[in-house]
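Residue-level structure breakdown
Below are the chains, spelled out letter by letter.
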Amino acid sequence: MLSYIYFPGCSLHATAMEYDIATRAVCKELGIEIAEMEDWNCCGATAAYAVDRFLSIALPARDLAIADREKKDILAPCAACYHFLARANEILREKPELKEKINKVLASMNLEYKGFIEVRHPLDIIINDYDLENIKKKIAKPLTGLKVAPYYGCLMIKPPTFCKFDNPENPQTLDKLAAAVGAEVAQWREWKTKCCGGALQMIKEDAMMELTRRILVKAEENGADCIVTACPFCHMNLDMMQSKINAAFDLKLYVPVLYFSQLLGLALGLSPRELGLDKIKVSPKKILEAVAH
Amino acid sequence: MESEKAMVTGRTIKREQFDSGFSKLIEEVAGTDIYACYQCGICSGGCPVNFVMEYTPRQIIRMAQLGMKEDVLSSNTIWLCASCNTCFTRCPREIDLPEVMATLKSRAIKEGFPSKIMEGQVLYKTMVENMKKYGRVHEIELYMNFARKTGINKLVKQLPMGLTLFRKGKLKLSPEKIKSVDQLKALIQSAKQVEEGEDEENEEG
């Protein structure tokens, strides 16, 4: 049985709670065992290394050490948590002096970073470990007639030195998943990896809105009924900011944005409520109608 | 040669104005070889934020090589880098630009360089304070403190989104505090000491 230590991160406990709800529901349905990490701390995200590089490794190191103690790989759905936990794991494995320094600090918490465990993304686990053929057997409601634009963003697939499970320039896992649930997959090439602006939402909003606008427009041009993502920051910009972008650029974009586990959950026959679909801002009504047949 | 024309800024700067220790420091902290850069510009071409940057990533690397510390640390570029990693993924010389940009941000904070984009410094610093206090990020408090330091109009602008998040039950009123928050504070404190110790080593060297 597939069994992991679950790392929700700060976003999945708050602004991206539907991603948490849907990922837990899907794992339960598929029989993937997950148990939330005890007393986990924030991964540091893009903030920690902008303030202090040692801190940006020490923060995730505590989480990695907890997983080491449990002897289980980490399952991290948030693209940023996945990225920064995997980054720290890679750096600590390569730098024994740094590992020693960090372990001196961790010793006061009765923890030790050993570097035995891996940081995994649920997409990687579902596509590669669980196997798509097994997913296909579990599809209760094929999403026929639905056109999905798979959107990967940045942090989950780049850089390939430590985000290793997909191709950084032409990733395939979301495409494969969308096809496996019976949806038509929009072929929008480079747009599926174009940056949405991420944290610039708070730093330089006009630049972020321009970047996100282009992605939403391209999704519509490609006839997509919805965008599917795996990152809470991308979701925040694409979903929560969509009405503001419409107002600022005088557009009438209507592109629901779903987390990949919400899309998969629908095909597995779970209800919209079980998947937290009431929590997203842009109404998923047209998706639910298409699914209802 | 008495002076070197800095192609990137169009200014003539004197050799003695270069800070040769700066590039060494950046390399040591970021753990990447910036002198490997041969200025091909693939980083700047693929950078999603290049259209609002004062200097492109390629120019920043060249300026860092030359030791143009003040120009680099006071540029808006370092705060606009979204850490997307497109540059690093494509760099034929495998230069880790996101780590370089993050290191430049942390140097600018440490040395108190006034930022043209104050929001960047404030956001990252406030987030780390938030992590230190609770071990996790509490979004409402982060936002309130961010707005307090950058201007109340920020709060007004973001109010509609805040209300939507609140209505959807996606904002937690009280923070989640981890059990070992005191030990985490000690960890952050020791991080500070390690960093300061390294600074001294660098200065001595």
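A quick note: this is a predicted structure, and the numbers were derived from the prediction, not measured. (Residues numbered from 1 in each chain as written. Chains lettered and ligands numbered in written order. Predicted model: local features only at pLDDT ≥ 70, side-chain atom pairs only at ≥ 80, totals over all residues.)

1. As for the overall build of chain A
To keep it simple, the criterion reads: Secondary structure elements are taken from DSSP: a helix is a run of H or I of four residues or more, a strand is a run of E of two residues or more, and numbering for both begins at the N terminus. The globule rule used here is 2.2 Å times the number of residues to the 0.38 power, and the radius of gyration it is set against is calculated over C-alpha atoms. Counting other C-beta atoms within 10 Å of its own, a residue is labelled buried from 20 upward, exposed at 12 or fewer, and partly exposed in the gap between, with every C-beta atom placed from the backbone. The contact criterion used is a C-beta to C-beta distance within 7 Å, with each C-beta placed from the backbone.
Scanning chain A from terminus to terminus reveals 14 helices and eight strands. Taking 2.2 N^0.38 as the reference for a compact globule, 293 residues should give roughly 19 Å; the C-alpha atoms of chain A span a radius of gyration of 19 Å, in line with that estimate. Dimensions of chain A, computed from C-alpha atoms along their principal axes, come out at roughly 55 × 45 × 30 Å. Looking at chain A residue by residue over its 293 residues, the buried ones come to 62%. Restricting the contact set of chain A to residue pairs at least 6 apart, pairs at least 24 apart contribute 78%.

2. With respect to the environment of Asn76 of chain B
Residue and element names in this part refer to chain B. With respect to the secondary-structure elements, Asn76 resides in the loop between helix 4 (69-73) and helix 5 (77-80). In sequence terms Asn76 and Asn145 are 69 residues apart; their C-alpha atoms lie 22 Å from each other. Other than its neighbours up to four places away in sequence, Asn76 contacts Met53, Glu54, Lys116 and Ile117.

3. Details of the interface of chain A and chain B
Formally: Throughout this entry, Asp, Glu, Lys and Arg are counted as charged residues, while Ala, Val, Leu, Ile, Met, Phe, Trp, Tyr, Cys and Pro are counted as nonpolar. The remaining residues, Gly among them, count as polar.
Across the contact, 43 residues belong to chain A and 52 residues belong to chain B. Among the elements of the structure, helix 3 (45-51), helix 4 (53-70), helix 6 (96-107), helix 9 (200-203) and helix 10 (205-221) of chain A are those that each provide at least two residues to the side of chain A that touches chain B. Residue contributions to the side of chain A that touches chain B peak at six residues, all from helix 3 of chain A. Residues of the side of chain A that touches chain B, tallied by class, amount to 26 nonpolar, seven polar and 10 charged.

4. Concerning helix 5 (residues 79-94) of chain A
Condition: The span you would expect from a helix comes to 1.5 Å times its residue count less one.
Under the 1.5 Å per step criterion, the end-to-end length of helix 5 of chain A is 23 Å for 16 residues, consistent within 8% with the ideal 22 Å. Extensive coverage of helix 5 of chain A is indicated by the burial of 13 of its 16 residues.

5. As for unusual backbone geometry
Looking along the chain, the bond that leaves Lys158 of chain A and enters Pro159 of chain A is cis, with omega of -5°. You will see that Asn110 of chain A, though not glycine, has its phi angle at about 60°, which is positive. Along the chain, Asn110 of chain A turns up in the loop between helix 6 and strand 4 (119-120). Its 10 C-beta neighbours within 10 Å are what place Asn110 of chain A among the exposed residues. Phi is positive for Asn85 of chain B, which is not a glycine, with a value near 70°. Tracing the sequence through the fold places Asn85 of chain B in the loop between helix 5 and helix 6 (86-90). A count of 23 C-beta atoms within 10 Å places Asn85 of chain B in the buried class.

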